[in-house]
Amino acid sequence: MSAILQAPSASPNNPSPPGPGGPAAANAAAASFASLTARLDYLSPPDLEQVRQAYRFADEAHLGQLRNSGEPYITHPIAVAAQCAEWKLDAQALMAALLHDALEDCGVSKAELIERFGSPVAELVDGLTKLDKLQFNTREESQAESFRKMLLAMARDVRVILIKLADRSHNMRTLADVPRSKWARIASETQEIYAPIAYRLGLNQTYRELQDLSFRHLHPWRHAVLEKALERARNRRRDLIQKVRKEVETAFESANMSVRIGGREKTLYSIYRKMDEKHLSFAQITDMYGFRLLVPNQSDCYTAMGTLHQLYKPVPGKFKDHIAIPKLNGYQSLHTTLVGPSGVTIEFQIRTEAMHVVAESGVAAHWLYKANEPDSPMTARLGAQWLQSLLDIQNETRDAAEFWDHVKVDLFPDAVYVFTPKSRILALPRGATVVDFAYAIHSDIGDRTMAARVNGEQVPLRTELKNGDVVEVVTASVSAPNPAWLSFVRTGRARSKIRHHLKTLAQTESEGLGEKLLLQALRAEGIERFPTDDSTSAGIWDKLLRFTGNRNRSELLVDIGLGKRIAGIVAKRMATLLSESGEKPNAVLMTRERFNAESSGHSTVIVDGSENASVQYASCCRPIPGDVIVGYLGRGEGLVVHAEDCAVARKLHNKDSERFIGVEWSDEPTRAFETGIVVTVNNGKGVLARVASALAASEADIIHIDMGQEAAQETTDLRFVIAVRDRQHLATALRNLQRTSSVLQARRCTAAGA
Ligand code: MN
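Because the structure is a prediction, the values reported are computed rather than measured.

Conventions we followed
- Residues numbered from 1 in each chain as written.
- Predicted model: local features only at pLDDT ≥ 70, side-chain atom pairs only at ≥ 80, totals over all residues.
- Heavy atoms only, no water.
- Helix = DSSP H or I, 4+ residues; strand = E, 2+ residues; numbered from the N terminus.
- Buried < 20%, exposed > 50% of the residue type's maximum accessible area, 1.4 Å probe, protein only.
- Contact = heavy atoms within 4.5 Å.
- Areas by Shrake-Rupley, 256 points an atom, 1.4 Å probe, with all protein chains shown as cover.
- Pairing = 2+ DSSP bridges.
- Axes fitted to C-alpha atoms, helices over the stretch in contact; angles between N-to-C directions.
- Donors = N, O, S within 2.8 Å, 3.2 Å for Na, K, Ca; no water.
- Expected span 1.5 Å × (residues − 1).
- Patch = residues over 30% accessible without salt bridge, like charges linked within 9 Å, V, L, I, M, F, W, Y side chains within 5 Å.
- Salt bridge = Lys/Arg side-chain N within 4 Å of Asp/Glu carboxyl O.
- Polar contact = N/O pair within 3.5 Å; in protein donor to acceptor, adjacent residues only side chain to side chain.
- Phe/Tyr/Trp six-rings, centres within 6.5 Å; stacked < 30°, edge-to-face > 60°.
- Lys NZ or Arg CZ within 6 Å of the ring centre and 35° of its normal.
- Core = buried A, V, L, I, M, F, W, Y, C linked by side-chain atoms within 4.5 Å.
- Left-handed = near helix turned anticlockwise from the far one by under 90°.
- Nonpolar A, V, L, I, M, F, W, Y, C, P; charged D, E, K, R; others polar.
- pLDDT = per-residue confidence, 0-100.
- Disulfide = S-S within 2.5 Å.

Caption draft 1: Molecular detail of the overall build of the protein. For the protein, the helix and strand inventory stands at 29 helices and 20 strands. Each of the 754 residues in the protein was classed as buried or not, and the buried ones make up 48%. Long-range pairs, those at least 24 residues apart, make up 67% of the contacts in the protein between residues at least 6 apart in sequence. Here the protein has roughly 37,100 Å² of accessible surface; of this, 50% comes from carbon and sulfur atoms.

Caption draft 2: Quick peek at the sheet that holds strand 14 (residues 629-634). The strand order across the open sheet built from 5 strands is 12-16-14-15-13, with neighbouring strands paired in mixed fashion. Taken across any chain shown, the strands that pair with only one partner, and hence form the sheet edges, are strand 12 (604-607) and strand 13 (615-617). Pairwise comparison of adjacent strand axes, ignoring direction, gives a mean angle of 35° for this sheet. As paired strands, strand 12 and strand 16 (residues 660-665) are joined by 4 bridges and run parallel to one another. By the bridge assignment, valine 605 is partnered in strand 16 with valine 663.

Caption draft 3: Structural detail: the coordination of the manganese ion. Those donors, His76 (NE2), His100 (NE2), Asp101 (OD) and Asp167 (OD), are the protein atoms that reach the manganese ion, and they lie 2.1 to 2.5 Å from it. Counting along the primary sequence, the residues that act as donors to the manganese ion give the motif H-x23-H-D-x65-D. Of this pair, histidine 76 sits in helix 4 (residues 75-86) while aspartate 101 sits in the loop between helix 5 (91-99) and helix 6 (102-105), and the two are 25 residues apart along the sequence. Grouping residues by exposure puts histidine 76 and aspartate 101 together as buried.

Caption draft 4: Highlighting helix 12 (residues 204-218). Compared with the 21 Å implied by 1.5 Å per residue over 15 residues, the 21 Å span of helix 12 between its first and last C-alpha is a close match. Most of helix 12 is tucked away, with 11 of its 15 residues classed as buried. Along helix 12, the residues classified as buried are Asn204, Thr206, Tyr207, Glu209, Leu210, Gln211, Asp212, Leu213, Ser214, Phe215 and His217.

Caption draft 5: A look at a nonpolar patch on the surface. Together, Leu688, Ile702, Ile705 and Met707 give the surface a local cluster of nonpolar side chains, amounting to about 290 Å² of exposed area. Of all the elements, strand 18 (residues 701-707) adds the most residues to the nonpolar patch, at 3 residues. Isoleucine 702 sits in the partly exposed class, given a relative accessible area of 32%.

Caption draft 6: Structural view of the environment of threonine 352. Relative to the helices and strands, threonine 352 is located in strand 6 (residues 345-352). A C-alpha to C-alpha distance of 8.9 Å links threonine 352 and glutamine 332, two positions 20 residues apart in sequence. Within the structure, the side chain of threonine 352 is placed 3.1 Å from the backbone nitrogen of methionine 355, a separation counted as a polar contact.

Caption draft 7: Quick peek at the pattern of salt bridges. Applying the stated criterion across every chain yields a total of 22 salt bridges. With a shortest N-O distance of 2.5 Å, arginine 168 and glutamate 189 are connected by a salt bridge. Remark: glutamate 189 occurs in helix 11 (residues 183-200) and arginine 168 occurs in helix 10 (residues 158-173); sequence separation between them is 21 residues. The pair formed by arginine 168 and glutamate 189 is uniform in burial state, with each residue classed as buried.

Caption draft 8: The packing of aromatic side chains, seen in detail. For the coordinates displayed, the defined rule picks out 10 aromatic pairs. Taken together through their ring pairs, the aromatic side chains of Phe215, Tyr269 and Tyr272 make up a single cluster. The ring centre of tyrosine 73 lies 5.6 Å from the NZ or CZ of arginine 67, which sits over that ring. Looking at arginine 671, its charged tip hangs above the ring of phenylalanine 673, at a distance of 4.6 Å from the centre.

Caption draft 9: Summary view of the environment of arginine 67. Take arginine 67: it is sitting in the loop between helix 3 (45-61) and helix 4. Since its relative accessible area comes to 16%, arginine 67 is described here as buried. Between the C-alpha atoms of arginine 67 and aspartate 177, which are 110 residues apart in sequence, the distance is 8.5 Å. Residues in contact with arginine 67, not counting those within four places in the same chain, are Pro72, Tyr73, Thr75, His76, His170, Asn171 and Thr174. Looking at arginine 67, its side chain comes within polar contact range of the side chain of threonine 174, at 3.1 Å.

Caption draft 10: Fine view of the sheet that holds strand 10 (residues 457-459). In space, the 3 strands of this open sheet follow the order 10-9-11, with antiparallel pairing throughout. Two strands lie at the open edges of the sheet, namely strand 10 and strand 11 (471-475), each paired on one side alone. Put simply, the sheet's adjacent strands are angled 35° from each other on average, direction ignored.

Caption draft 11: Region of the structure containing the nonpolar core. Of all hydrophobic cores here, the largest spans 60 residues; its most connected members are Val51, Leu99, Leu113 and Leu165. Membership of the second largest hydrophobic core comes to 51 residues, among which are Val570, Ala575, Ile677 and Leu695.

Caption draft 12: Here's a closer look at the packing of helix 10 against helix 12. For the pair helix 10 and helix 12, interaxial distance at closest approach is 10 Å and the crossing angle is 35°. In this structure, helix 10 meets helix 12 at a crossing whose hand is left-handed. From helix 10, Leu165, Arg168, Ser169, Met172 and Arg173 reach across to helix 12, where they touch Thr206, Glu209, Leu210, Leu213, Ser214 and His217. Within the contact of helix 10 with helix 12, the residues separate by chemical class into 4 nonpolar, 4 polar and 3 charged.

Caption draft 13: How the structure looks around the side chain of asparagine 550. Tracing the backbone through its elements, the reader meets asparagine 550 in the loop between helix 23 (535-548) and helix 24 (553-561). With a relative accessible area of 8%, asparagine 550 lands in the buried category. A polar side-chain atom of asparagine 550 sits 3.0 Å from a polar atom in the side chain of aspartate 559. Not counting the four nearest positions on each side in its chain, asparagine 550 is found in contact with Leu545, Glu555, Leu556, Asp559 and Arg565.

Caption draft 14: Representation of the pairing of strand 15 (residues 638-643). With 6 of its 6 residues buried, strand 15 lies for the most part within the structure. Pairing geometry for strand 13 and strand 15, over 3 bridges, is parallel. Directly across from tyrosine 617, in strand 15, lies its bridge partner valine 641. Summarising the sheet, strand 14 and strand 15 pair through 6 bridges and their orientation is antiparallel.

Caption draft 15: The arrangement of the confidence of the model for the protein in detail. Taken residue by residue, the protein gives an average pLDDT of 79. The fraction at 70 or more is 80%. Within the protein, helix 19 (residues 400-406) has the poorest average pLDDT of any element, 35, and helix 20 (residues 434-441) the best, 94. pLDDT under 50 marks residues 1-22. Its contacts with residues more than four places away, or in other chains, come to 23 contacts. In this model residues 137-155 is a low-confidence stretch, pLDDT under 50, and it forms 41 contacts with partners more than four residues away in sequence or in other chains.

Caption draft 16: Spatial organisation of the state of the cysteines. Counted under the stated rule, the structure contains 0 disulfides. Distance from the sulfur of cysteine 621, which forms no disulfide, to the nearest cysteine sulfur (cysteine 646) is 3.7 Å.

Caption draft 17: Just helix 24, in detail. Residues of helix 24 that are buried: Leu556, Leu557, Val558, Asp559, Ile560 and Gly561. N-cap assignment for helix 24: the residue whose side-chain oxygen lies 3.4 Å from the backbone N of serine 554 is asparagine 552. Glycine 563 occupies a position one or two residues after helix 24 and carries a positive phi of about 85°.

This is the structure:
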């Protein structure tokens, strides 16, 4: 039997092997905490003390209980904890391993565990207890179904899976003590559920062991025959293997390379399966033995292979580079098969020590590494790989949506792992939203995000992502970042990209508005257009820029658009410069424009709602098409459109009349506009729903609702912000509200500034 099949709890220093006569001394040794302490040297002293407390508690809880073997029950939790310690799991996991059967078997309550050991440990134990209740039964359920259910419960915290696998490993090692009638069920459950999970998680050593132990108990006779055959073959080949090892050692010594050479033997189960699948006899299995070379770093792997290929002839087509292309569970290695002495083919695996840790321990390598080098890229990579393997399992099950619904991965609490529709995994900080996701893929995708689906369902862009979400971003070429996104994005990348876009957008829009305003002001001076781009005009622009202090023309126009500079003053200066250079103003144009300006208050800018940052609609009066409007060029904030009768606008006009310009609605506004209404209703059940449906029937979207606080009174004022096309649309909506039962009055709200 190979070494991996030995239970780790078996103490090598045990002086008296357990026998039927006097197992007491050995039992006491295996049942003591001392058998564990040697493996726990990676824990801090306070952590170690915590684990010791958990041991004492478990020891007391299981007092008087025996395993099927007759040993004290506590030997089992100790063995499970020992396996977890092999993986260098943290103190919480070790405590949970020691306590894992206490909840169910000993009448200990979860509350008690929380009080004694804290909630994280209690949650782990609880998770394990729940797993125990999921029993796999091939006769009643389809295999995939059970597989999935099992995972649903497990994926909450990967430590639960690892403790469970350690638990199952020990139970399998001691299955011989269990009544034979139970072997088939337990062994097939192990083979069909636990061994594949161990494989997916890259726990290859555990995987091989679980497979072999299942095989042994499912087919005891076949196992025994093969074991004998393997033993004979091993003896026959011993000299050959020795010879190859010697030759390989010599080759690397003369190449001056440091390698660690280990032998490896195919497991009984994999020999059995190969014979079964390919209809081969035992004698036809030629790749039973192999060697594993461990080298310091990745480039040494390839050098070592070169050295081997000089020593023995490679078998064509047998070379596999799992370093460049790792297996899904993270396994990396070079494989090559060589023709050794007397024509025997031998497989060699070549990898680094780090790859070896992953190859044997898979996801547990996360802790093995964390213990030594936290924050290494290896640690992060392993997390992603583990999730990738979960995804593969999910692909094998049918109902993906339900699966992910329940999967909560708390392996890396600062991050969420989500998937693109093509199953690429993306790590985002916890709290990240759909928009963060879009920018994480590409800034172009972020900038054009219009809508999103999470797990196939349409969601708002501010939706926070959960582990396992499959996120699909819908883009549109006309879509653009919205300033409101800044209030919910979590990643610096999304934030800076949105800011950048808005700034650029504001610049170009303000420049356009500035140009419009300056042209209008120039016409009032009798100048039809900007000076054309010849040398004279270049001189005029230069002089103008010297006057305003701007670096270039577009900066000046942006300043005008943002209201930092008054168009009229700049226009007057330009008119003066032009006449100095001999260009006379057009008197007819000047007269007409000035007359128009007089009659309409000023020259006019047309608005249609398609403006973004450069034009704002005042929230005090919320003007809508049909309202008479005025424009206020705030300092640095661009053009703010108010209703002419807005009290706020009037006050501003008294102080700052030269900043007002004429604005008019376009004949065809491009969107709906927000406005406020007040609906006075009789208090009563379902009133709000009736009002909301009346608004919906009028096709007026509700943007915001503010309820009155006077619930005790008979009537109350509901304040809405709704989106309407124009005054006529608003009037229709108000009329529909008036006709709604319980509504006493519905009117437009202009109160904010009054
Ligand atoms: Mn157990």
